[in-house]
Amino acid sequence: IVALAVLMPIVASMGGVAATQTLTLIVRGLALGQIERANARWLLTKEIAVALLNGLAWATVVALVSWAWFHQWRIALVIFAAMVVNLLAAALAGVTVPLALKRFGVDPAVAGGVIVTTVTDVIGFASLLGLGTLALLGLMASLLISRATWVAAGVAGSAAVAAYALPLKLNIVV
């Protein structure tokens, strides 16, 4: 849990920076008249492709550092997945928010930054903590499975075991 708390700002920061950069490009394109309905879908596809590549690259670096720091592959996997998800959300928000704001008659240069930062913070925290919870439940479940009581039960998959993890933990502790 401490590892997730330490890594939370990394996920949020990377998403916020990526969304703000994409937002800046789109706002500039709108101001110069370079973005219209005809090329908006192409720009979205391009930004998502760039976000996927950046996400995979930077998530790999951060996952390797976190694995070296915490010596837990599950934490590294959680941070990897959360960063990729958040950078994809950043690209999506960075393109769609200014286009939607312009359509509603709101200046995207004024209101866009707050919205995309909020989106990436929420998505980043939710993905990191959600995946972290699943990883911890999977870890708890695998610890419980290793006990002699549940080896014979043949419960497969951490998702099925997760429902039993908390009650079993309470019942097993003497």
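A brief structural summary. Keep in mind the model is a prediction, meaning the values are calculated, not measured.

What counts as what
- Residues numbered from 1 in each chain as written.
- Predicted model: local features only at pLDDT ≥ 70, side-chain atom pairs only at ≥ 80, totals over all residues.
- Heavy atoms only, no water.
- Axes fitted to C-alpha atoms, helices over the stretch in contact; angles between N-to-C directions.
- Helix = DSSP H or I, 4+ residues; strand = E, 2+ residues; numbered from the N terminus.
- Parallel < 35°, antiparallel > 145°, perpendicular 65-115°, else oblique.
- Left-handed = near helix turned anticlockwise from the far one by under 90°.
- Nonpolar A, V, L, I, M, F, W, Y, C, P; charged D, E, K, R; others polar.
- 1 Å grid on protein atoms, 1.4 Å probe; cavity = no way out; pocket = protein on both sides within 12 Å on 5 of 7 lines; lining within 4 Å.
- Points joined across faces, edges and corners; volume = space filled by probe spheres on them.
- Core = buried A, V, L, I, M, F, W, Y, C linked by side-chain atoms within 4.5 Å.
- Buried < 20%, exposed > 50% of the residue type's maximum accessible area, 1.4 Å probe, protein only.
- Contact = heavy atoms within 4.5 Å.

With that settled, the discussion passes to the packing of helix α1 (residues 2-31) against helix α3 (residues 73-103). Across the interface, α1 lies against α3 with an axial gap of 8 Å and an inter-helix angle of 25 degrees. What the angle tells us is that α1 and α3 run roughly parallel. Between α1 and α3 lies a crossing whose hand is right-handed. Residues of the contact of α1 with α3, tallied by class, amount to 24 nonpolar, 4 polar and 1 charged.

Right, let's talk about the environment of Arg41 for a bit. Looking at where Arg41 falls in the secondary structure, it is placed in helix α2 (residues 37-70). As a C-alpha pair, Arg41 and Val95 span 54 residues in sequence and 9.5 Å in three-dimensional space.

Moving on to the layout of surface pockets. For the largest pocket, the calculated volume is near 370 Å³. Along the walls of the largest pocket sit 14 residues, with Glu36, Arg37, Ala40, Leu99 and Arg103 positioned nearest its centre. Of all the secondary-structure elements, those providing two or more residues to the lining of the largest pocket are α2 and α3. For the lining of the largest pocket, the per-class residue count stands at 8 nonpolar, 1 polar and 5 charged. A volume near 270 Å³ is recorded for the second largest pocket. Lining of the second largest pocket is provided by 14 residues; of these, Ala18, Gln21, Thr22, Val50 and Asn54 occupy positions nearest its centre.

With that out of the way, let us pick up the nonpolar core. Considering soluble globular proteins, one finds that nonpolar side chains tend to be buried as a cluster. Leu4, Val11, Ile75, Val78, Ile79, Met83 and Leu128 are the most contacted members of the largest nonpolar core, which has 16 residues in total. The greatest single-element share of this core, amounting to 7 residues, is contributed by α3. Each residue touching Leu4, except ones within four places of it in the same chain, is listed here: Ile75, Val78, Leu128 and Gly132. Ala19, Val27, Leu101 and Val116 belong to the second-largest nonpolar core, a separate cluster that totals 8 residues.

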